[in-house]
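The chain contents come next:
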Amino acid sequence: MLGGGGVAGIAWITGLLAGLAEAGQDVTGADLVIGTSAGATVAAQLGSGLPLAELLARQVDPARQSRELMAALDWVKFAADMQPYLVPNGTPAEQLRGYGQFALAADTVPESARLAVIESRLPSREWPATPTRLAAVDCESGELVLFDAASGVGLVEAVAASAAVPGVWPPVTIGGRRYMDGGVRSADNADLAAGAGRVTVISPLGLNSPLGTGTPLREVLAGLKDGGAAVTLLSPDDAATEAIGANPLDPATRVPAATAGRAQGRAGLPAEF
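Because the structure is a prediction, the values reported are computed rather than measured.

Considerations on the environment of Ala18
Here is step 1 of the chain: Looking at where Ala18 falls in the secondary structure, it is placed in helix H1 (residues 6–22).
Here is step 2 of the chain: Assessed through its relative accessible area of 4%, Ala18 is described here as buried.
Here is step 3 of the chain: Residues contacting Ala18, with those up to four places away along its chain left out, are Leu52 and Leu56.

If you want it as structure tokens, here you go:
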């Protein structure tokens with residue numbers, strides 16, 4: 001399970017995975033990968049066939065970095081801007097439709113510009129051979145959608161939809177519908193791992209996500225464990241949290257976040273949750 005966290009989250013996850021592999025604890029051989037937002041990008045990159053060392057180089061070497069658009073994400077302002085679109089004491093579905101209304105009404109860069117950024121991040125436009133699902137939410141219905149190789153949706157479009165932060169990036173048009181960031185349902189969507197015997201959750205926002213959407217991650221992980229799964233959680237340590245900083249959408253966070261992630265990974269896997 002690869003969670004959301006902006007360009008800093010992409011860099012941190014990539015560094016973490018590379019560091020774990022260097023420590024002899026490569027976790028990229030999972031039977032199923034589910035990515036949300038930043039995690040969707042990493043999932044697609046992992047499926048490209050490039051080794052982790054090369055994917056890390058694409059984060060820390062300015063000559064290899066993808067082209068990004070600068071954006072700011074102020075969590076307090078984000079919550080305030082969203083408030084008029086939310087239904088007081090509304091159901092989860094009503095709240096997600098509110099997020100969708102906010103996303104559709106926002107003044108953002110053109111969809112084509114955002115798709116070009118996503119395409120520049122991906123070494124390959126082919127869906128990974130490893131079963132991979134990317135989480136997005138339908139703006140109008142508020143329904144969760146999991147795009148995969150069988151969905152008939154291009155990988156670039158699926159990644160872009162999963163990473164379309166409301167109010168920051170434009171919703172993505174697929175089959176006449178508009179889709180937004182899967183993180184509005186949950187930053188990690190870890191509940192989708194129910195039924196698996198072993199679950200590794202890599203969460204850039206961690207147990208105290210500022211999003212405040214969905215069931216708290218701690219409760220989700222406890223539920224997975226109660227269901228018989230062996231659960232491991234990886235979230236930024238103090239050094240990585242400082243490297244990610246207050247604005248995870250800032251492209252300047254890539255080098256420090258990836259470097260901190262690699263150092264954290266080289267320290268090895270934590271105990272099970």
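Resuming the write-up.
Considering the packing of helix H2 (residues 38–46) against helix H7 (residues 155–162)
Here is step 1 of the chain: The N-to-C vectors of H2 and H7 enclose an angle of 155°; their axes lie 7 Å apart at closest approach. Viewed along their axes, H2 and H7 adopt a mutual orientation that is roughly antiparallel. Every pair of crossing elements has a handedness; the one defined by H2 and H7 is right-handed. Contacts between H2 and H7 pair Ala40, Thr41 and Ala44 from the former with Leu155, Val159 and Ser162 from the latter.

Quick look at the pattern of salt bridges
Here is step 1 of the chain: Taken as a whole, this structure holds 12 salt bridges when the rule is applied.
Here is step 2 of the chain: In this structure, Glu22 and Arg262 form a salt bridge, with 2.9 Å as the shortest nitrogen-oxygen distance. One end of the pair, Glu22, is in helix H1; the other, Arg262, is in helix H10 (residues 254–266), with 240 residues separating them in the sequence.
Here is step 3 of the chain: Residue Glu22 is classed as partly exposed on the basis of its relative accessible area of 42%.
Here is step 4 of the chain: When the shortest N-O distance is used, the salt bridge between Arg121 and Glu68 registers 2.8 Å. Placement of the pair is Arg121 in helix H6 (residues 111–121) and Glu68 in the loop between helix H3 (52–60) and helix H4 (75–82), with a sequence separation of 53 residues.

With respect to unusual backbone geometry
Here is step 1 of the chain: Unusually for a residue other than glycine, Ser37 sits at a positive phi of about 55°.
Here is step 2 of the chain: Counting through the fold element by element, Ser37 comes out in the loop between strand E1 (33–36) and H2.
Here is step 3 of the chain: Judged by relative accessible area, which is 7%, Ser37 ranks as buried.
Here is step 4 of the chain: Positive phi, close to 50°, is recorded for Asn189, a residue that is not glycine.
Here is step 5 of the chain: When its relative accessible area of 0% is taken as the criterion, Asn189 is described as buried.

Some points on the nonpolar core
Here is step 1 of the chain: Membership of the largest hydrophobic core comes to 45 residues, with the highest contact counts inside it found for Trp12, Leu134, Phe147 and Ile202.
Here is step 2 of the chain: Beyond its immediate stretch of four places on either side in the chain, Phe147 contacts Trp127, Thr132, Arg133, Leu134, Ala136, Val153, Ala158, Ala161, Ile174 and Tyr179.
Here is step 3 of the chain: Ala71, Phe78, Phe102 and Val165 belong to the second largest nonpolar core, which has 16 residues in total.

Some details on the pairing of E1
Here is step 1 of the chain: The alternating pattern of E1 places Val33 and Gly35 and Ile34 and Thr36 on opposite faces, both of which are buried.
Here is step 2 of the chain: Bridge count for E1 against strand E2 (residues 132–138) is 4 bridges, and the pairing is parallel. In the strand pairing of E2, Thr36 is matched with Ala135.

Concerning the packing of H6 against H7
How two helices sit against one another is set out by the angle between their axes and by the gap between those axes.
Here is step 1 of the chain: One can describe the packing of H6 onto H7 by two numbers: an axis separation of 9 Å at closest approach and a directional angle of 110°. With respect to H7, the element H6 is oriented roughly perpendicular. Between H6 and H7 lies a crossing of right-handed hand. Contacts between H6 and H7 involve Leu115, Ile118 and Glu119 from the first element and Val156, Glu157, Val159 and Ala160 from the second.
Here is step 2 of the chain: Broken down by class, the residue content of the contact of H6 with H7 amounts to 5 nonpolar, no polar and 2 charged.

Things to note about the pairing of strand E6 (residues 198–202)
Here is step 1 of the chain: The pairing of E6 with strand E7 (residues 230–234) spans 5 bridges and is classified as parallel. Looking at the pairing, Val201 lines up with Leu233 of E7.
Here is step 2 of the chain: Once the chain exits E6 it traverses helix H8 (residues 217–226) before rejoining the sheet at E7, and the crossover so formed is right-handed.

Overview of the packing of aromatic side chains
Here is step 1 of the chain: For the structure shown, the criterion picks out 3 aromatic pairs.
Here is step 2 of the chain: For the ring pair Phe147 and Tyr179, a centre distance of 5.3 Å and an interplane angle of 80° mean the geometry is edge-to-face. Of this pair, Phe147 sits in strand E3 (residues 144–147) while Tyr179 sits in strand E5 (residues 177–181); the two residues are 32 residues apart in sequence, bridging distant segments of the chain.
Here is step 3 of the chain: Exposure remark for Tyr179: the relative accessible area of 9% places this residue in the buried category.
Here is step 4 of the chain: In textbook terms, an aromatic cluster arises when at least three aromatic residues are bridged by ring pairs, as seen for Phe78, Tyr85 and Phe102.

The rules we used
Residues numbered from 1 in each chain as written. Predicted model: local features only at pLDDT ≥ 70, side-chain atom pairs only at ≥ 80, totals over all residues. Heavy atoms only, no water. Helix = DSSP H or I, 4+ residues; strand = E, 2+ residues; numbered from the N terminus. Buried < 20%, exposed > 50% of the residue type's maximum accessible area, 1.4 Å probe, protein only. Contact = heavy atoms within 4.5 Å. Axes fitted to C-alpha atoms, helices over the stretch in contact; angles between N-to-C directions. Parallel < 35°, antiparallel > 145°, perpendicular 65-115°, else oblique. Left-handed = near helix turned anticlockwise from the far one by under 90°. Salt bridge = Lys/Arg side-chain N within 4 Å of Asp/Glu carboxyl O. Core = buried A, V, L, I, M, F, W, Y, C linked by side-chain atoms within 4.5 Å. Pairing = 2+ DSSP bridges. Nonpolar A, V, L, I, M, F, W, Y, C, P; charged D, E, K, R; others polar. Right-handed = clockwise from strand over helix to strand, strands pointing away. Phe/Tyr/Trp six-rings, centres within 6.5 Å; stacked < 30°, edge-to-face > 60°.

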